[in-house]
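As a plain string of letters, each chain reads:
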Amino acid sequence: MDITSERGRQSVIGGSIESRIEKIRSSATKSQKKLIEYLSSTNYEKIIYLSITELAEVLDVAEATILRFCRLLGFSGYQEFKLNLAQEVSSKAHDYSESEYIRGLRDNYVTSLDLCYHKISAEQIDRAIDYIAAARTICCFGVGNSHVAAIEMHNRLLKMGIYVQYEPDAHQQNVLLSSCGAEDLLIVFSVSGGTKDVIDAAALARTRGMKIIVLTSRDKSPLTKYADITISSEFTEAPDNAGTMSAKIVQLYLVDILCTGTYLRDKEKYDNIIAKSNVSVVSKLI
C-alpha cells in the first residue's frame, strides 16, 4: 500500500459504515462507486452473509477491488468490514426472552438441519464417498470452530480402519500435505469458506494433485475454488455470531452422513473392523 492510500485509510477510520462511505464518496473510483451504490441500496442483513467471492460476482468486480475498498474505509479486510456491518444490525439477532430461549435454540437447530437436508445433493454425497473409499490417505483439516467436525471425521473413519490423519497446526498441515499425492484425499471443514489457514492448505493440496472435498456453508468462496467436491449446508451465520452451536451441529450431521454412507457400502467389512476397535479399548474401561 502506498503512502497516499494509507493516509486515505487513516482519514476515515472510525464511525458507522455509512459515515465512512460518505467521506470517500467524492473521490471513489468507478468500481468503488459500484460498491457504494450496492451498499446504499441493499439491506445490510443480506450483505453480511455474502462471501467476498459471492459479492464480487454480484457486482462483477475483482475480489481485490473489494479488499481495497474495505481498506479505504479503514478496515484490515473484508472480514473486519463484515464484522462491523453485522454489529450495526446485531441488536435484532437472537433476541430471546428468558422464557423463550430454550425453545428458540431448539428451533434454530431444527431449522439449520432442515435447510442442510434440503440443500445437499445425494449425487455429491455418493461422489464424496467414492473418494473416501478410494483414498490411500485421508487428511481431515478444520481450524477454529470447525476443528470439532474435523476431529469427529478423523475418529469415525479411524474406527472403521481407514487410514486418516488429523493435524490442527497450520504449519504441520503443510508438512503433512507435502508427502501426499494424487492417491490421497483432503477433507476440509470451514463454515465461511474464507479461513486463510485452510485455504492455504487446500492450495498446497492442489499442487500435490490430491482430491479435495470441502464442507462449507458457501457454494462459492475462496476455499471452494480448490474443491473437487463442495458439500454446501446452506447454513449461514453472521460474522459477529461466528462459531454458533448450530454451525457445529450441521457440520457433525454432514460428518455422520459421509461416515454412515461409507459404512453402508461394505457393512460386513466395517462391522468386523469396528468390532475389533471396540475390543481394543475394553481394557481402558473400569
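Just so it is clear, the structure is predicted and the values come from calculations on it, not from any experiment.

A. Focus on the confidence of the model for the protein chain. The predicted model of the protein chain has a mean per-residue pLDDT of 86, with 88% of residues at 70 or higher. Contacts for the low-pLDDT stretch residues 1–12, under 50 throughout, to residues beyond four places or in other chains number 15 contacts.

B. Spatial organisation of the side chain of Ser51. When you line up the elements, Ser51 lands in the loop between helix H4 (44–47) and helix H5 (52–59). Looking at Ser51, the relative accessible area reads 4%, which means it is buried. A polar side-chain atom of Ser51 sits 2.8 Å from the main-chain carbonyl oxygen of Lys220. In this structure Ser51 touches Tyr78, Lys82, Arg218, Lys220 and Ser221, once residues within four positions along its chain are discounted.

C. Representation of the packing of helix H10 (residues 147–159) against helix H13 (residues 245–265) in the model. Put simply, H10 and H13 touch, their axes get as near as 9 Å, and they point 20° apart. With respect to H13, the element H10 is oriented roughly parallel. The two elements H10 and H13 cross, and the hand of that crossing is right-handed. Where H10 abuts H13, its residues Val148, Ala149, Glu152, Met153, Arg156 and Leu157 lie against Lys248, Gln251, Leu252, Val255, Asp256, Leu258, Cys259 and Thr260. Of the residues assigned to the contact of H10 with H13, the class counts are eight nonpolar, two polar and four charged.

D. Molecular detail of the sheet that holds strand E1 (residues 138–142). If you walk across this open sheet you meet the five strands as E2-E1-E3-E4-E5, and the pairing is parallel. Looking along the sheet, the strands with just one partner apiece sit at the ends: strand E2 (164–166) and strand E5 (229–232). This sheet shows a mean twist of 15° between the axes of neighbouring strands, independent of strand direction. As paired elements, E1 and strand E3 (residues 185–189) share five bridges and run parallel to each other.

E. The arrangement of unusual backbone geometry in detail. A positive phi angle, near 60°, is found at Asp60, a position not held by glycine. Topologically, Asp60 is positioned in the loop between H5 and helix H6 (63–72).

F. Layout of H6. Taken residue by residue, H6 has Thr65, Ile66, Phe69, Cys70 and Leu72 as its buried positions. For H6, the angular spread of the buried residues around the axis is 160°, confining them to a single face. Just downstream of H6 lies Gly74, where phi reads positive at about 100°.

G. Region of the structure containing a nonpolar patch on the surface. A surface patch of nonpolar side chains, about 290 Å² in accessible area, is lined by Tyr101, Ile102 and Leu105. Its location among the elements puts Leu105 in helix H8 (residues 101–119). Given a relative accessible area of 34%, Leu105 falls into the partly exposed group.

H. The arrangement of the pattern of salt bridges in detail. Using the criterion set out here, one finds 12 salt bridges in the structure. Arg103 is paired through a salt bridge with Asp107; the nearest N and O atoms lie 3.9 Å apart. Taken together, the residues Arg103 and Asp107, both in helix H8 and four residues apart, mark about one turn of the helix. The exposure class of Asp107 is partly exposed, given its relative accessible area of 30%. One salt bridge in this structure joins Arg156 and Asp256, with 3.0 Å as the shortest N-O distance.

About the cut-offs
- Residues numbered from 1 in each chain as written.
- Predicted model: local features only at pLDDT ≥ 70, side-chain atom pairs only at ≥ 80, totals over all residues.
- Heavy atoms only, no water.
- pLDDT = per-residue confidence, 0-100.
- Contact = heavy atoms within 4.5 Å.
- Helix = DSSP H or I, 4+ residues; strand = E, 2+ residues; numbered from the N terminus.
- Buried < 20%, exposed > 50% of the residue type's maximum accessible area, 1.4 Å probe, protein only.
- Polar contact = N/O pair within 3.5 Å; in protein donor to acceptor, adjacent residues only side chain to side chain.
- Axes fitted to C-alpha atoms, helices over the stretch in contact; angles between N-to-C directions.
- Parallel < 35°, antiparallel > 145°, perpendicular 65-115°, else oblique.
- Left-handed = near helix turned anticlockwise from the far one by under 90°.
- Nonpolar A, V, L, I, M, F, W, Y, C, P; charged D, E, K, R; others polar.
- Pairing = 2+ DSSP bridges.
- Arc of directions from axis to C-beta.
- Patch = residues over 30% accessible without salt bridge, like charges linked within 9 Å, V, L, I, M, F, W, Y side chains within 5 Å.
- Areas by Shrake-Rupley, 256 points an atom, 1.4 Å probe, with all protein chains shown as cover.
- Salt bridge = Lys/Arg side-chain N within 4 Å of Asp/Glu carboxyl O.

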